[in-house]
Amino acid sequence: METISENRCFGGTQGVYRHHSDATGTDMTFGLFLPEEAEDGPVPVIWFLSGLTCTHENAMVKAGAQGWAAAEGLALVFPDTSPRGEGVPDDEAYDLGQGAGFYVNATVDPWAEHFQMWDYVTDELPVYVANHFAIDPERQAICGHSMGGHGALTIAMTLPDRFASVSAFAPICNPTESDWGRKQFAAYLGENTALWEPHDASLLMRDVGFPGPVLIDTGTADQFGDLLGTEAMAGAIAHRRQNATLRLQPGYDHSYFFISSFMEDHVSFHAEALYGR
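Residues numbered from 1 in each chain as written. Predicted model: local features only at pLDDT ≥ 70, side-chain atom pairs only at ≥ 80, totals over all residues. Heavy atoms only, no water.

Caption draft 1: Region of interest: the packing of aromatic side chains. Tallied over the entire structure, the rule returns 16 aromatic pairs. Look at W180 and F224: their rings are 4.9 Å apart centre to centre, the planes differ by 35°, and that puts the pair in the tilted class. Of this pair, W180 sits in helix α5 (residues 179-189) while F224 is found in the loop between β8 (214-219) and α7 (225-228), placing the two residues 44 residues apart along the sequence. Taking the relative accessible area as the measure of exposure, W180 reaches 4% and is therefore buried. One aromatic cluster in this structure is built from F48, F78, F169, Y252, F258 and F262. (Phe/Tyr/Trp six-rings, centres within 6.5 Å; stacked < 30°, edge-to-face > 60°. Helix = DSSP H or I, 4+ residues; strand = E, 2+ residues; numbered from the N terminus. Buried < 20%, exposed > 50% of the residue type's maximum accessible area, 1.4 Å probe, protein only.)

Structure follows, in structure tokens:
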């Protein structure tokens, strides 16, 4: 593992690290905030999955999460959104290829060799982080924005025993019915739409739900609102009688100004679940 940087931050440490990934066959970079309490032993962790065009850095720098996490004694992990580097396929469009892994395991060439982001985020990176840092694998929560909100919701509902809570900012909720989903799933997973369904949060919510609390915030002025499928998620939550809070925040858009405005709520939400308060 290569340490790219470590900075003192709210009494803890904000680090950036690079390691080789067997899942993607590339070097991967991630950010990790450890609160001061990690000096004495493992601490609970929130995973933050970022959206289209982002790297590990966007939420780490813009979301304003570290101060709230430090106040609660929580770690934060900021994975990258796709494999990168020489020989990794890409596309001219911003919503496919590097920066747009969609948190799935690609099965179609040329993506299949490297775009194994589901395995990386759910299997390889959690083990790696727990083995190298003071992270408590028995106390985990997950959060995400946009494409990362899609990833957070689908991962939490697929691995319900792992996460105490899940939250999302402006998540892509119904990708099988959206241009942010159909295009990428066809490229990564092929034309068999049955293979897409396990990665649609609204379908998962309707079919299996989540045993813990769910928090979703979306802005009423979101410039990508037609692509998110918020209404489908609201219907699925109501159908399942899921323990969930879905808030439409007046005037907010899709940006990190929106995320930072409500990050305290999300960190507190996860802290309550992680500490059993």
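Caption draft 2: Seen up close, the packing of helix α3 (residues 117-132) against helix α4 (residues 147-158). Their axes nearest at 12 Å, the elements α3 and α4 cross at an angle of 60°. The pairing of α3 with α4 is recorded here as oblique in orientation. Seen along the crossing, α3 lies across α4 with a hand that is right-handed. Facing α3, whose interface residues are W118, V121 and T122, α4 presents T154, I155 and T158. Class assignment of the residues belonging to the contact of α3 with α4 gives a composition of three nonpolar, three polar and no charged. (Axes fitted to C-alpha atoms, helices over the stretch in contact; angles between N-to-C directions. Parallel < 35°, antiparallel > 145°, perpendicular 65-115°, else oblique. Left-handed = near helix turned anticlockwise from the far one by under 90°. Contact = heavy atoms within 4.5 Å. Nonpolar A, V, L, I, M, F, W, Y, C, P; charged D, E, K, R; others polar.)

Caption draft 3: Quick peek at the state of the cysteines. This structure, assessed with the given rule, holds zero disulfides. The thiol sulfur of C9 is not disulfide-bonded, and the nearest other cysteine sulfur, from C143, lies at 17 Å. Classification of C9 by relative accessible area gives buried; the value is 15%. Here C143 stays unpaired: no disulfide links it, and the sulfur of C54, its closest cysteine neighbor, is 13 Å away. (Disulfide = S-S within 2.5 Å.)

Caption draft 4: Looking closely at the pattern of salt bridges. Summed over the entire model, instances satisfying the criterion amount to eight salt bridges. D80 is the partner of R84 in a salt bridge, and the nearest nitrogen-oxygen pair spans 2.7 Å. R84 sits in the partly exposed class, given a relative accessible area of 26%. Residue D217 is joined to R247 by a salt bridge in which the shortest nitrogen-to-oxygen separation is 2.7 Å. (Salt bridge = Lys/Arg side-chain N within 4 Å of Asp/Glu carboxyl O.)

Caption draft 5: Just the sheet that holds strand β5 (residues 75-78), in detail. The mixed open sheet is built from nine strands, whose spatial order is β1-β2-β3-β5-β4-β6-β7-β8-β9. Looking along the sheet, the strands with just one partner apiece sit at the ends: β1 (2-9) and β9 (244-249). Looking at each pair of strands side by side, their axes are set apart by 20° on average, direction ignored. Of the strand pairs in this sheet, β8 and β9 are connected by six bridges, and their pairing is parallel. Paired with T218 across the strands is L248, a residue of β9. (Pairing = 2+ DSSP bridges.)

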